[in-house]
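Remarks on the overall topology
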Amino acid sequence: MPPEVAATPPRPRTDLPTIEGDSKPFWDAMRENHTFSVVECHACGHIHHYPRPFCPVCWSDDVSWIAASGRATLYTYSTVYLNDLEPFASELPYVAAVVELEEGPRVMTTLVNVATDQLAIGMALTLVAKELTPDVTVPVFTAA
Ligand SMILES: [Zn+2]
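Heads up: these notes are all about the structure in this document. (Residues numbered from 1 in each chain as written. Predicted model: local features only at pLDDT ≥ 70, side-chain atom pairs only at ≥ 80, totals over all residues.)

Some details on unusual backbone geometry
Between H49 and the following residue, Y50, the backbone shows a cis peptide bond with an omega angle of 20 degrees. On the secondary structure map, Y50 appears in the loop between β2 (47-48) and β3 (63-67). Here the amide bond leading from L92 into P93 is cis, since omega sits at -15 degrees, within 30 degrees of zero. Examined against the element boundaries, P93 turns out to sit in the loop between β4 (71-80) and β5 (94-101). Unlike most non-glycine residues, H34 shows phi in positive territory, near 55 degrees. By the secondary structure assignment, H34 is in the loop between α1 (24-33) and β1 (37-41). (Helix = DSSP H or I, 4+ residues; strand = E, 2+ residues; numbered from the N terminus.)

Below you can see the structure in the form of structure tokens.
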């Protein structure tokens, strides 16, 4: 009797965020308006991201959401050639990057539609809304 061959279960996606109460407005704005939202402190003026219900500089809870411009510059990057986690494995090679938003916060993201020989620290970038699922649209960036 031949051994039973178990079907390989599909591998879970590793690129979907956990959407929680403090980050839900960010994900809603990305999905509905293709807008990158940041949080502004009314006590000291600091703008922060990732979302928190208080200012990480002065600890004030007098903060509110504002729409960022979508303009950024490339702070640093790495071209990724190996990643066996889905869906990244089927997108190789890709460029993982930290970009600095015009408003100040630095954000981990990926770059799309940019040739690797075109990459330069400080280059101007613009936001692209990448729909992963009907519920999740993520911010990625491309050359401005
Ligand atoms: Zn503050």
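Notes on the nonpolar core
Side chains that are nonpolar tend, in soluble globular proteins, to be buried together. Counting 19 residues, the largest nonpolar core has A72, L74, A97, V99, L101, L125 and F141 as the members making the most contacts within it. The set of elements that each furnish at least two residues to this core consists of α1, β1, β4, β5 and β7 (124-133). The contact partners of L101, leaving out residues within four places of it in the chain, are V38, A68, A72 and V107. (Core = buried A, V, L, I, M, F, W, Y, C linked by C-beta atoms within 7 Å. Buried ≥ 20, exposed ≤ 12 C-beta atoms within 10 Å, placed from the backbone. Contact = placed C-beta atoms within 7 Å.)

Structural notes on the environment of L132
With respect to the element layout, L132 can be found in strand β7. The class of L132 is partly exposed, set by 14 C-beta atoms lying within 10 Å. Sequence-wise, L132 and E32 are 100 residues apart; in three dimensions their C-alpha atoms are separated by 13 Å. Here L132 is in contact with D15, L16, T137 and V138, once residues within four sequence places are set aside.

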